[in-house]
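These are the residues of each chain, in order.
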Amino acid sequence: MTSRPIHAQINISALKHNLSVVRSYTSDTKIMVIVKADAYGHGLLHIASALKNADGFAMLELDAAICLRNAGYQQPILLLEGFFSVAEIKLFKQYQLSAVIHNEVQLEMLALSKQHEIDVFIKINTGMNRLGFTPEKFPYVLQSLASNSNIGNISLMTHFANADDPVKNETVQKQWQCFNTTTSGLNLPRSLANSAAIIRHPKTHADWVRPGIMLYGASPFTDKTAAELNLHPVMTVTSRLIAIQNLTAGDKVGYGGLFQATRPMRIGIVAAGYADGYPRHALTNTPILVKDQLTRTLGHASMDMLAVDLSTVKNAQLGDSVTLWGEGLPVNEVARATATISYELLCALAPRVEKTLQNSQLNSKL
Ligand SMILES: *Cc1c(COP(=O)(O)O)cnc(C)c1O
């Protein structure tokens, strides 16, 4: 236990509940849980342990994948950007990791790496224009991999650019049709859907769905809250008031004096700053809870501290609890107020913030 009061509670039963919500949407589709970026900032091993009944895991970091395999997980583990060198292919074989194949260089590496049989997911670029082979190139890629005796199982995948968008449904429709046309007649497993598509586009579920953000209890949408989707927050970041200042009209707060009081007011200083993962660009009026009461930040966060308005918080005093996001304050709301998305806030949680497990059999420190 560090004594600095900022902590992230990781609610294991909320995580399990959210996995059951994924299941409720997908019936018998297999679930590949996305645990990239240290499980969206929540801590890989404890998240994986709570999700151990998932059908597969996916991430981009090879060391994390090996760590999971060494921890005893038998499911497919998919590396979403594949391998980056011929030498890595050997590790894929050794640890039975599956690779997304999305570019020509990876095909050449596979050709150079004769004895290392691995399972692959061929990524098709159906319109997002980030990773993947064009539909025109795909038949050549498939043929080249299918005729390579060092390739194990082949699956097919794509990724949606707009599945979270309530308006641009036709973009999903176009990508879905492109994927179907490109892969028609092939009897190979398919994977398309992220959280947003799992919820909003059931016809895209195919053989494997790939939920990320919904598992962690945030909404993938701007027009629907997590609560409306029956998702429970997994990460709650709390800290405490470590100072209280009484301002008079005209007093300024923090570096640059960005906030200026127009009347006498009480403010609190919270042990939480951008080095903990709180967004520095958050402006005055970002929602925050003090003693479970909604109030607002004042000025920019500094590295280790931020200021909050105590005008509306009854009897606030030193040591009172502060919630940055999570239980009681959806991360989506903080994200909206800071012009970013829940994903970025969760992933940015700094290693120096201690994580504690809630509602797991062993109520332990991470
Ligand atoms: C991150 C990622 C996902 C999960 O997306 P969410 O929006 O978090 O559900 C799915 N597929 C791929 C390829 C990803 O990179």
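Residues numbered from 1 in each chain as written. Predicted model: local features only at pLDDT ≥ 70, side-chain atom pairs only at ≥ 80, totals over all residues. Heavy atoms only, no water.

Below, the discussion takes up the overall build of the protein chain. When you go through the protein chain residue by residue, the secondary structure sums to 11 helices and 18 strands. In terms of C-alpha radius of gyration, the protein chain reaches 23 Å, essentially the compact-globule figure of 21 Å for 366 residues. Oriented by its inertia axes, the alpha-carbon framework of the protein chain measures out at about 75 × 45 × 40 Å. Across the 366 residues of the protein chain, 53% fall into the buried class. If you take every contact in the protein chain between residues at least 6 apart in sequence, the share linking residues at least 24 apart comes to 62%. Carbon and sulfur atoms provide 51% of the accessible area of the protein chain, an area that totals close to 16400 Å². Treating the 32 positive side-chain charges of the protein chain as one cloud and the 28 negative ones as another, the clouds have centres 2 Å apart. (Helix = DSSP H or I, 4+ residues; strand = E, 2+ residues; numbered from the N terminus. Rg over C-alpha atoms; globule rule 2.2 N^0.38 Å. Buried < 20%, exposed > 50% of the residue type's maximum accessible area, 1.4 Å probe, protein only. Contact = heavy atoms within 4.5 Å. Areas by Shrake-Rupley, 256 points an atom, 1.4 Å probe, with all protein chains shown as cover. Lys, Arg positive; Asp, Glu negative; His and termini not counted. Charge placed at Lys NZ, Arg CZ, Asp CG, Glu CD.)

This next bit is on the pairing of strand 6 (residues 118-123). Burial analysis of strand 6 places 5 of its 6 residues in the buried class, which makes it a mostly covered element. Two elements, strand 5 (residues 98-101) and strand 6, share 3 bridges in a ladder whose sense is parallel. Within the sheet, the bridge partner assigned to Ala-99 lies in strand 6 and is Val-120. Each parallel crossover has a hand, and the one from strand 5 via helix 6 (residues 104-112) to strand 6 is right-handed. In the sheet, strand 6 pairs with strand 7 (residues 151-157) via 5 bridges, with the strands oriented parallel. From the neighbouring strand, Lys-123 faces strand 7, where its bridge partner is Met-157. In this view, the connection linking strand 6 to its parallel neighbour strand 7 by way of helix 7 (residues 138-146) has right-handed handedness. (Pairing = 2+ DSSP bridges. Right-handed = clockwise from strand over helix to strand, strands pointing away.)

Another aspect to go through is the environment of Ile-66. Locating Ile-66 in the fold gives a position in helix 4 (residues 62-70). When neighbours within four sequence positions are excluded, Ile-66 is seen to be in contact with Leu-91, Tyr-95 and Leu-97.

Take the environment of Asn-332 next. Counting through the fold element by element, Asn-332 comes out in helix 10 (residues 331-337). Note: C-alpha distance between Asn-332 and Asn-230 (102 residues apart in sequence) is 14 Å. Excluding anything up to four places from it in sequence, Asn-332 contacts Ala-218, Ser-219, Phe-221, Ala-226 and Ser-342.

Its volume calculated, the largest pocket comes out at about 940 Å³. Mapped onto the lining of the largest pocket, the elements with two or more residues apiece are helix 2 (36-40), helix 9 (195-200), helix 10 and helix 11 (342-347). (1 Å grid on protein atoms, 1.4 Å probe; cavity = no way out; pocket = protein on both sides within 12 Å on 5 of 7 lines; lining within 4 Å. Points joined across faces, edges and corners; volume = space filled by probe spheres on them.)

Once that is clear, we can look at the pairing of strand 3 (residues 56-59). Judged by which residues are buried, strand 3 turns out to be covered on both faces: Gly-56 and Ala-58 on one side and Phe-57 and Met-59 on the other are all buried. Where strand 2 (residues 30-34) lies against strand 3, 3 bridges are found, and the strand directions are parallel. Bridging from a neighbouring strand, Ile-34 pairs with Ala-58 of strand 3. Judged from the 3 bridges that link them, strand 3 and strand 4 (residues 77-79) form a sheet pairing that is parallel. In the sheet register, Phe-57 faces strand 4, and the bridge partner there is Ile-77. With helix 4 bridging strand 3 and the parallel strand 4, this β-α-β connection has right-handed handedness.

The next thing to look at is unusual backbone geometry. Phi angles above zero are rare outside glycine, and Tyr-40 is one such case at about 50°. Note that Tyr-40 resides in helix 2. Since its relative accessible area comes to 5%, Tyr-40 is described here as buried. A positive phi is found at Asn-285, a non-glycine position, where the angle reads about 90°. When you line up the elements, Asn-285 lands in the loop between strand 13 (265-270) and strand 14 (287-290).

With that settled, consider the domain arrangement of the protein chain. Here the protein chain is partitioned into domain 1 (12-216) and domain 2 (235-365). Counting each side, the surface lost to burial between domain 1 and domain 2 is near 990 Å², with a carbon and sulfur contribution of 64%. When residues of domain 1 are sorted by the area they lose upon contact with domain 2, Ile-12, His-42 and Ile-213 head the list and together hold 44% of the total. Linking domain 1 with domain 2 are 0 salt bridges. In terms of residue class, the side of domain 1 that touches domain 2 is built from 5 nonpolar, 5 polar and 2 charged. (Domains from an automatic or database assignment. Buried area = accessible area lost by both parts, 1.4 Å probe. Salt bridge = Lys/Arg side-chain N within 4 Å of Asp/Glu carboxyl O. Nonpolar A, V, L, I, M, F, W, Y, C, P; charged D, E, K, R; others polar.)

Moving on, we come to the nonpolar core. A general trend in soluble globular proteins is that nonpolar side chains are found buried together. Counting residues in each nonpolar core, the largest one holds 111 residues, and the members touching the most others are Leu-145 and Trp-325. If you tally residues by element for this core, the top one is helix 1 (residues 12-26), at 6 residues. For this core, the two domains that each supply at least three residues are domain 1 (12-216) and domain 2 (235-365). Counting 10 residues, the second-largest nonpolar core is a separate cluster that includes Ala-261, Met-265, Leu-298 and Ala-307. (Core = buried A, V, L, I, M, F, W, Y, C linked by side-chain atoms within 4.5 Å.)

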